[in-house]
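# Results of the structural survey
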Amino acid sequence: MREDPESLGVLTVIHDVIYLVDRLRFDAALSGRLGFGRALLHRRPLSDVVPEPALLLPSTMTWDDAARAALARPTGSKAIPVVVGFPDGGLGIAPVGPLVDYLSRRYEVMALRDDLTGLGNRRMLAERASGIDQPGVTAALLLIGLNRFKQINDTVGHVNGDELIRHVAAALSRVCPANTVYRLGGDEFVVFLDSVGGLPYPQCPLEERLERTGAYLLEAIRGPFEVAGVPIGVEAAVGAAHSGPAGMGDLDALMVAAETAMYAAKQDRTQVEVWTPVLGSATAVDLGLQTQLRAAIGDGQLVLHYQPLVDARTRRVASLEALVRWAHPQRGLLPPGAFVPQAESSDIIHQLTERVLADAVTQAARWHRGGWPVPVAVNLAAPVLARDHIVTAIRDLLAESGLPPSALIVEITESAVMTRPEQSTDRLRAIRALGVRIAMDDFGTGYTSLALLSQLPLDELKLDRAFVMRVHQRQERAIVEAVARMAGQLGLTSVAEGVEDEQTAQTLVEMGVDLLQGYHFSKPLPADRLTAFIPALAGAHR
């Protein structure tokens, strides 16, 4: 080693134990504190120079694992080179410096990047947005939150849930400018532009540009993406904000505004919302909504509107879907998206569902006694389906009202079933045993396996409006045709929701869809305004 200054050390193997005399120890041993090192060590055992065996790492070990192993040694040994073992039995010596440098670079990246997707994280976003308070700068931020991601995780497992997150991240990266997409953690992503000039649709007003950009992002991540051999579609909501309004000159304010808008989009099911001061004040009012809703159920403030489902060929009304509204004393008639999601997050959903069921069954029985035997459908949320009590409640309501069980349709969503598949299937079978019909709503947006679909006691498949609205596009047309054909082979009635025009209706007829629902035929109406449909109802059921 004295003749080769570049040598890192000398390896010695004693009884299959490897010892390393590295450069630092070699020089100290030769010189000693007083310069008598060689004399003092003459004929002394190697253990006087090297008290512990060398750290041996296989050459196949990753840089991360090697660096951690090297730095895990006692403090006095951290600078000593490590011994590398090769597959052929050969040995080598590696300095610790490159491992430390690698770890330094690695953790620098980790501090700014999301480990799962490689996207920038919250800290990188904060650094990027540090200049939005400069005069003349208007930044834009779009917050994207996936819907029902916890249920997806519970269904396909967290490993596959992570894979779906990576698909979404890649899809956003493909359609957004470089270094503008960030992952905040969980199921939330941010697209941040330090200038609204980077937004598409320059011919539109700023708020409209943000709204259209949000819709474009949702389309980009809709999928379906194949995860564990299962195609999974992605639903999400977008909240958008820009730094133009007063008080929006920092990232925290932008994030709060975008989050407020995103939750409004989720609650109202509008998919995209752009923050406004009015939206911010409305959200503050909603903090007491659950308390008000609990009182509203008892005070008779909930009202039902009914939307017809028509036979695709005869255009006669085949059934009605009951949709709840809240006649709020101050805010007027509220759609279900404004309060049902909050009810589903508490035990209020059980009271609300029982009220809706009771009113719908009573009204349907009244129509039957009047000679208009039209079936009525009522939606059941996942928490309601999870309780045995719902079967008893339906049985008692039918008995009290005298309504034939076949005149009641229970609608459930894919997500409601997949929350607890076995329990939900048993509950639906018990409801079906009463003679009640079962419909699966929003089919195609969730992740029901075909095996489970064949086991469920279903009568109807209601194709989600997202496919119906794009039925003139090749991919969506193929999906609708496949669902209609599959429904027919399973003996189920196929239903298309969201039919807005005659061209779409005719296309769906050609595809073999059985029932159509949408504003093209009628918006949801109170019971007393359905008089115009009574002749069609009578003709359809004679």
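Residues numbered from 1 in each chain as written. Predicted model: local features only at pLDDT ≥ 70, side-chain atom pairs only at ≥ 80, totals over all residues. Heavy atoms only, no water.

## So, the nonpolar core
Counting 78 residues, the largest nonpolar core has F339, L461, L508 and L516 as the members making the most contacts within it. Element by element, the count of residues in this core is highest for helix 13 (residues 348-369), at eleven residues. Non-local contacts of F339, meaning those with residues more than four positions away in its chain, are made with L289, L293, L302, V324, R325, W326, L334 and L352. Listed in part, the 34 residues of the second largest apolar core include I144, V156, A169 and A240. (Core = buried A, V, L, I, M, F, W, Y, C linked by side-chain atoms within 4.5 Å. Buried < 20%, exposed > 50% of the residue type's maximum accessible area, 1.4 Å probe, protein only. Helix = DSSP H or I, 4+ residues; strand = E, 2+ residues; numbered from the N terminus. Contact = heavy atoms within 4.5 Å.)

## With respect to the packing of aromatic side chains
Using the criterion set out here, one finds two aromatic pairs in the structure. Ring geometry for Y306 versus W367: centroids 5.2 Å apart, planes at 75°, classification edge-to-face. With Y306 in strand 13 (residues 302-311) and W367 in helix 13, the pair connects residues that are 61 residues apart, well separated along the chain. Take Y306: its relative accessible area is 2%, and that puts it in the buried class. Relative accessible area serves as the criterion here: at 8%, W367 is assigned to the buried category. Aromatic side chains W326 and F339 sit 5.6 Å apart centroid to centroid with 80° between the ring planes, which places their arrangement in the edge-to-face category. Here the residue W326 occupies a position in strand 14 (residues 317-328), and F339 occupies one in the loop between strand 15 (332-334) and helix 12 (340-344), the gap between them amounting to 13 residues. Residue class for W326 comes out buried when judged on its relative accessible area of 0%. When its relative accessible area of 0% is taken as the criterion, F339 is described as buried. (Phe/Tyr/Trp six-rings, centres within 6.5 Å; stacked < 30°, edge-to-face > 60°.)

## Digging into helix 21 (residues 502-511)
Think of an α-helix as 3.6 residues a turn; residues three or four steps apart then line up on the same face. Turning to helix 21, its buried residues are T504, A505, T507, L508 and M511. Taken down its axis, helix 21 places every buried residue within 165° of arc, on the same side. More than 90 degrees from the buried face of helix 21, the exposed residues found are Q503 and E510. Contacts made by the buried residues of helix 21 are with helix 19 (465-469), helix 20 (474-489), strand 20 (493-496) and strand 21 (515-516). Where helix 21 begins, one side-chain oxygen reaches toward the backbone nitrogen of Q503, 3.2 Å away; that side chain belongs to D501. Once helix 21 ends, the next one or two residues include G512, with phi positive near 95°. (Arc of directions from axis to C-beta. Polar contact = N/O pair within 3.5 Å; in protein donor to acceptor, adjacent residues only side chain to side chain.)

## A word on empty space enclosed by the protein
Considering all chains together, one arrives at three cavities of 30 Å³ or more under this definition. Here the largest cavity defines a volume of roughly 50 Å³. What lines the largest cavity is H350, E354, V384, R387, H389 and I390. Looking at the lining of the largest cavity, its residues break down into two nonpolar, two polar and two charged. (1 Å grid on protein atoms, 1.4 Å probe; cavity = no way out; pocket = protein on both sides within 12 Å on 5 of 7 lines; lining within 4 Å. Points joined across faces, edges and corners; volume = space filled by probe spheres on them. Nonpolar A, V, L, I, M, F, W, Y, C, P; charged D, E, K, R; others polar.)

## A few points about a nonpolar patch on the surface
Where nonpolar side chains cluster on the molecular surface, the patch consists of V13, L56 and L91 and spans about 250 Å² of accessible area. Note on placement: L91 falls in strand 5 (residues 91-94). With relative accessibility at 37%, the residue L91 sits in the partly exposed group. (Patch = residues over 30% accessible without salt bridge, like charges linked within 9 Å, V, L, I, M, F, W, Y side chains within 5 Å. Areas by Shrake-Rupley, 256 points an atom, 1.4 Å probe, with all protein chains shown as cover. Salt bridge = Lys/Arg side-chain N within 4 Å of Asp/Glu carboxyl O.)

## Thoughts on the packing of helix 11 (residues 289-299) against helix 13
Orientation of helix 11 relative to helix 13, taken along the N-to-C sense of each, is 30°, at an axis distance of 10 Å. In terms of orientation, helix 11 lies roughly parallel with respect to helix 13. Note that helix 11 runs across helix 13; the crossing there is left-handed. Two secondary-structure elements touch here, helix 11 through Q290, L293, R294 and I297 and helix 13 through I348, Q351, L352 and R355. Partitioning the contact of helix 11 with helix 13 into residue classes produces four nonpolar, two polar and two charged. (Axes fitted to C-alpha atoms, helices over the stretch in contact; angles between N-to-C directions. Parallel < 35°, antiparallel > 145°, perpendicular 65-115°, else oblique. Left-handed = near helix turned anticlockwise from the far one by under 90°.)

## Here we look at the sheet that holds strand 3 (residues 56-58)
Spatially, the three strands line up as an open sheet ordered 3-4-5, and their pairing is mixed. Only two strands of the sheet have a single partner each, and these edge strands are strand 3 and strand 5. When strand polarity is set aside, the average angle formed by the axes of neighbouring strands in this sheet is 35°. In this sheet, strand 4 (residues 82-85) lies alongside strand 3 in parallel orientation, the contact comprising three bridges. In the strand pairing of strand 4, L57 is matched with V84. (Pairing = 2+ DSSP bridges.)

## Describing unusual backbone geometry
The residue after G223, namely P224, is reached through a cis peptide bond having omega 5°. Positive phi, normally seen in glycine, also occurs at N179, with a value near 60°. With respect to the secondary-structure elements, N179 resides in the loop between helix 7 (158-175) and strand 7 (181-185). If you check the backbone angles, A228 has positive phi at about 55° while not being a glycine. Relative to the elements of secondary structure, A228 occurs in the loop between strand 9 (225-227) and strand 10 (230-232). Among the residues examined, A228 registers a relative accessible area of 58% and is labelled exposed.

## Considerations on the sheet that holds strand 12 (residues 272-274)
Here we have five strands laid out as an open sheet, ordered 7-8-6-11-12, and mixed in their pairing. Because the sheet does not close on itself, it has two edges, and the strands there are strand 7 and strand 12. Going across the sheet, the axis of each strand differs from the next one's by a mean of 20°, ignoring polarity. Pairing between strand 6 (residues 140-146) and strand 8 (residues 188-193): six bridges, direction antiparallel. Counterpart to I144 in the pairing with strand 8 is F189. This element, helix 8 (residues 206-220), spans strand 6, strand 8, strand 11 (236-242) and strand 12 of the sheet and lies at about 150° to strand 11.

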